[in-house]
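Each chain, letter by letter, is given below.
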Amino acid sequence: VSVAGAALGAALPGDGSPLRILMVEDVETDAELVLAALRRAQLAFTARRCETAADFVRLLEEFDPHVVLADYSLPQFSALDALALLREQRVRLPFVLVTGTQTEEIAVQCIKEGADDYVLKERLARLPAAVSRAIQTHRTEREKEHAEDALRSSEERYRLIAENTRDLICLLDPNGAVLYVSPSCRELLRYEPAELATAADLWRMPDDAVGRPMGILRLALVDGGANEVQCRHRDGDWRTFEAVGSWVRGDDGGVQHAVVVLRDVTDRKRAEERLREAQLQLIQAEKMESVGRLAAGVAHEVKNPLTVILMGVEYLRQRFDQFEPEVVTLLEDMEASTRKANTVVRGLLDFSTPGTLDRLPVALNSIVEGALALMRHEFARAQTEVVVDLADDLPALELDRHKIEQVFVNLFLNALQSMPEGGRLTVRTWRADENGRRSRAVCAQVEDTGGGIQPDKISKIFDPFFTTKPLGRGTGLGLTVVKKIIDLHGATIAVSNKQTGGVVVSLVFRTGPGE
Amino acid sequence: MSPKHRVLVVDDDLQVSRTLKLGLDATGRYEVRVENRGTRAVAAALEFGAQIVLLDVVMPDTSGHEVLRQLRAEPCLQAVPVVFLTAAPPECDADTAQPDEWISKPALASEVAALIDRRLATGRAR
């Protein structure tokens, strides 16, 4: 077997069938010579010969050749015509020019038009190698084309994924420079991909991550777990994204890239937050219900003993009022304390039962004075200076006297407890002016010089069971009851810290429509 | 001297009923009788010839509402005002009989006395 024969063997179709050769040749003896040259190379083949364009096209279809061997010039047809037909039919076949013409120009022209090689008829010994090379060249080209097609398809698929995903896909270098970011950043963050140059443009960098742009993704990148990051939206909002990342390492094991996929979970987080709040409210409601049951039971059990004490004190006062003033004072104190204890029990009941008011026209000042009287011993004990500034031109208000008294007692108690080392409590009332005219609103304020309320706690002070007092000092119901009573009266309450320290509670009551 | 008004106190709490009786007695205006069992209230009212009944609401053997229903059902007691002495917040239930007055515990005996006098002067609530 010659070298050319071995090469031709390699050029044969993979299915073991003989090589199919289509010859464009009008001289039969020439054709025989050509085929004889191939036979000498021990090539298994079948061949067909054509002389016209019509035959050529028909045999391309019928014979499905592996290779075309064409003479340059036939009476009705030529190699250039054959090449043109192949182009027209979009058929690409190994094409070897076998010609008696010796001009190089013709050879060059044919190769320009798509021929792979040319062999002179007087040197047919070169033919098997030329055929083999042409077949190999075509096969390599085809393989290359297939590989390129596959790559293109694959790239197209990845592009489709990256550009149509709702997640944000980023490719970063180890220093955090953005090499690629998916166009979803337009919809998710309202930024153009080109505007996001580094990781710091993408997500909020904590102070300790300066110089370590990937530090924030440590967990996601090391464990492959999800890590939450805050991404900046063009409108100034920070949105919460879940980041899943992975390092891309080179052959040396060194980190070359990081791929990070970010998913916007802001809405989900908000929904979870709302759910959590709803659950808390539910728990709160359940707590309140159980406190309500407890309160009703406690109220009944405590009020009977209080009745006995109150009536007993009254009886004793009637019997002893002609005796020592100390005894009289003691009995007065006992009565006041009993009423105060009752106020606490009533607070529990008010908190836990639907509110009903017993409203009568009453002077707000007299209620304030009543509450001050109930508290006077506490004020004295805590060495609290009490400043009372009550306007004398207030209209009567439709109020439930006991409940409003309870409001002031609660506010006074809170003020006192915020000033354990003593301080100044100011209570004032006035009639609000509105555009220079007397308005229908009556205002009251209770002010202390205590430590104030932490700003982050101020929104919770009316919540049931919320207390800033030490354990065991407050039930967390005082201001809740106050708020409930004030709401029932259609009045308003506001609590704020004073610039100079301490808290000021402001109440506004509206007079009735007839006022 | 005008005759004393007969006041029946129905309360299961011994201390409350005793102290209330002490306070009312001290006024010198009433003849007070105490009944600690709610189930005996109607019989006690009839026997005593009560002119007004002070009635606890929450009692172990029966409720003030049930006693009130029984008092109202007794023809001889139709005109007798009934005052609820209650430690619980008043219930506003249209289906149950309502007393002529409510007074919340704790109260002074003088407050109870003032209420008795007012109610005796005006008779049963309309």
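A quick note: this is a predicted structure, and the numbers were derived from the prediction, not measured.

Rules used throughout
- Residues numbered from 1 in each chain as written.
- Chains lettered and ligands numbered in written order.
- Predicted model: local features only at pLDDT ≥ 70, side-chain atom pairs only at ≥ 80, totals over all residues.
- Heavy atoms only, no water.
- Pairing = 2+ DSSP bridges.
- Helix = DSSP H or I, 4+ residues; strand = E, 2+ residues; numbered from the N terminus.
- Axes fitted to C-alpha atoms, helices over the stretch in contact; angles between N-to-C directions.
- Contact = heavy atoms within 4.5 Å.
- Polar contact = N/O pair within 3.5 Å; in protein donor to acceptor, adjacent residues only side chain to side chain.
- Buried area = accessible area lost by both parts, 1.4 Å probe.
- Salt bridge = Lys/Arg side-chain N within 4 Å of Asp/Glu carboxyl O.
- 1 Å grid on protein atoms, 1.4 Å probe; cavity = no way out; pocket = protein on both sides within 12 Å on 5 of 7 lines; lining within 4 Å.
- Points joined across faces, edges and corners; volume = space filled by probe spheres on them.
- Nonpolar A, V, L, I, M, F, W, Y, C, P; charged D, E, K, R; others polar.
- Expected span 1.5 Å × (residues − 1).
- Bend = angle between axes of the 7 residues up to and from the residue.
- Buried < 20%, exposed > 50% of the residue type's maximum accessible area, 1.4 Å probe, protein only.
- Phe/Tyr/Trp six-rings, centres within 6.5 Å; stacked < 30°, edge-to-face > 60°.

Here we look at the sheet that holds strand S1 (residues 5-10) of chain B
Residues and elements named next belong to chain B.
No. 1: Strand order in this open sheet of five strands is S2-S1-S3-S4-S5, and the pairing throughout is parallel. Every interior strand has two partners, whereas the edge strands, strand S2 (30-35) and strand S5 (101-104), have only one. Strand-to-strand twist in this sheet, taken as the mean axis angle between neighbours without regard to direction, amounts to 20°.
No. 2: Pairing analysis gives six bridges linking S1 to S2, with the strands arranged parallel. Bridged to Val10 within S2 is Glu35.
No. 3: Helix H1 (residues 14-27) contacts S1, S2, strand S3 (52-56) and strand S4 (82-86) of the sheet and is inclined by roughly 170° relative to S2.

Here we look at the environment of Arg376 of chain A
Residue and element names in this part refer to chain A.
No. 1: Relative to the elements of secondary structure, Arg376 occurs in helix H12 (residues 364-381).
No. 2: With 40 residues separating them in the primary sequence, Arg376 and Ala336 have C-alpha atoms 10.0 Å apart.
No. 3: Among the polar contacts made by the side chain of Arg376, one reaches the main-chain carbonyl oxygen of Ala373 at a distance of 3.3 Å.

Remarks on the interface of chain B and chain A
No. 1: Contact with chain B, which involves 19 residues of that partner, is made by 18 residues of chain A.
No. 2: Approximately 1,700 Å² of surface area, both sides summed, lies buried where chain B meets chain A, with 69% of it carried by carbon and sulfur atoms.
No. 3: When residues of chain B are sorted by the area they lose upon contact with chain A, Ala87, Pro106 and Leu108 of chain B head the list and together hold 34% of the total.
No. 4: A salt bridge links Arg339 of chain A to Glu111 of chain B; its shortest N-O distance comes to 3.6 Å.
No. 5: For the side of chain B that touches chain A, the elements supplying multiple residues, two or more each, are H1 and helix H4 (109-122) of chain B.
No. 6: Among the elements that make up the side of chain B that touches chain A, the one with the highest residue count is H1 of chain B (seven residues).

Let's talk about the environment of Pro193 of chain A
Residues and elements named next belong to chain A.
No. 1: By secondary structure assignment, the location of Pro193 is in the loop between helix H7 (184-189) and helix H8 (199-202).
No. 2: Separated by eleven residues in sequence, Pro193 and Ser182 place their C-alpha atoms 6.9 Å apart.
No. 3: Leave out the neighbours within four places in its chain, and Pro193 touches Val181, Pro183, Cys185 and Arg186.

Observations regarding empty space enclosed by the protein
All names here are of chain A.
No. 1: A full pass over the atoms with the stated rule returns two cavities of 30 Å³ or more.
No. 2: For the largest cavity, the calculated volume is near 40 Å³.
No. 3: For the largest cavity, the full set of lining residues is Met23, Val24, Glu25, Val34, Leu69, Ala70, Asp71 and Val98.
No. 4: Going through the elements one at a time, strand S1 (19-24) and strand S3 (67-70) are the ones with two or more residues in the lining of the largest cavity.
No. 5: Classifying every residue of the lining of the largest cavity gives six nonpolar, no polar and two charged.
No. 6: What the second largest cavity holds in volume is close to 30 Å³.
No. 7: A per-class count over the lining of the second largest cavity returns two nonpolar, one polar and three charged.

Observations regarding H12 of chain A
Each turn of an α-helix holds 3.6 residues, which means side chains three or four residues apart point in the same direction.
Residues and elements named next belong to chain A.
No. 1: Spanning 18 residues, H12 covers 26 Å between terminal C-alpha atoms, matching the ideal 26 Å at 1.5 Å per step.
No. 2: Along its length, H12 shows its largest kink, about 55°, at Met375.
No. 3: Within the sequence span of H12, burial applies to Leu364, Asn365, Ile367, Val368, Gly370, Ala371, Leu372, Leu374, Met375, Glu378 and Phe379.
No. 4: Directly after H12, the chain includes Gln383, whose backbone phi takes a positive value near 50°.

Describing the sheet that holds strand S10 (residues 255-264) of chain A
Each strand in a sheet pairs with another by means of backbone hydrogen bonds, the pair being arranged parallel or else antiparallel.
All names here are of chain A.
No. 1: The five strands are arranged S7-S6-S10-S9-S8 in an open sheet whose pairing can be described as antiparallel. The open sheet has two free edges, formed respectively by strand S7 (178-181) and strand S8 (227-232), since each of these has just one partner strand. Across the sheet, the axes of successive neighbouring strands diverge by a mean angle of 30°, strand direction being ignored.
No. 2: Two strands pair when backbone bridges link them, and strand S6 (residues 168-172) and S10 are joined in this way by five bridges, in the antiparallel orientation. Counterpart to Ile169 in the pairing with S10 is Val261.

A word on the pairing of S6 of chain A
Residues and elements named next belong to chain A.
No. 1: The buried fraction of S6 is high, at four of five residues.
No. 2: Where S6 lies against S7, three bridges are found, and the strand directions are antiparallel. Residue pairing across strands places Leu171 opposite Tyr180, the latter belonging to S7.
No. 3: In this structure, the hairpin formed by S6 and S7 is closed by a connection of five residues, where Gly176 is found at a positive phi of approximately 95°.

Topic: the packing of aromatic side chains
No. 1: Counted according to the given criterion, the structure contains four aromatic pairs over all chains.
No. 2: Pairing Phe84 of chain B with Trp102 of chain B gives two aromatic rings, centres 5.1 Å apart and planes at 80°, and the pair type is edge-to-face. On the criterion of sequence distance, the pair formed by Phe84 of chain B in strand S4 and Trp102 of chain B in strand S5 is long-range, its members being 18 residues apart.
No. 3: Among the residues examined, Trp102 of chain B registers a relative accessible area of 28% and is labelled partly exposed.
No. 4: Grouping aromatic residues by their ring pairs yields a cluster made of Phe379, Phe408 and Phe412 of chain A.

Here's the deal with the pattern of salt bridges
No. 1: With the rule as written, the count across this model stands at 44 salt bridges over all chains.
No. 2: One salt bridge connects Asp149 of chain A with Arg152 of chain A, and the closest N-O pair in it is separated by 2.5 Å. Here the residue Asp149 of chain A and the residue Arg152 of chain A both occupy positions in helix H6 (residues 127-164), the gap between them amounting to three residues, near one helical turn.
No. 3: Note that Arg33 of chain B and Glu47 of chain B form a salt bridge whose closest N and O atoms lie 3.0 Å from each other. Residue Arg33 of chain B is found in strand S2, and its partner Glu47 of chain B is found in helix H2 (residues 41-48); the two are separated by 14 residues along the sequence.
No. 4: Here Arg33 of chain B falls in the partly exposed class, since its relative accessible area comes to 25%.

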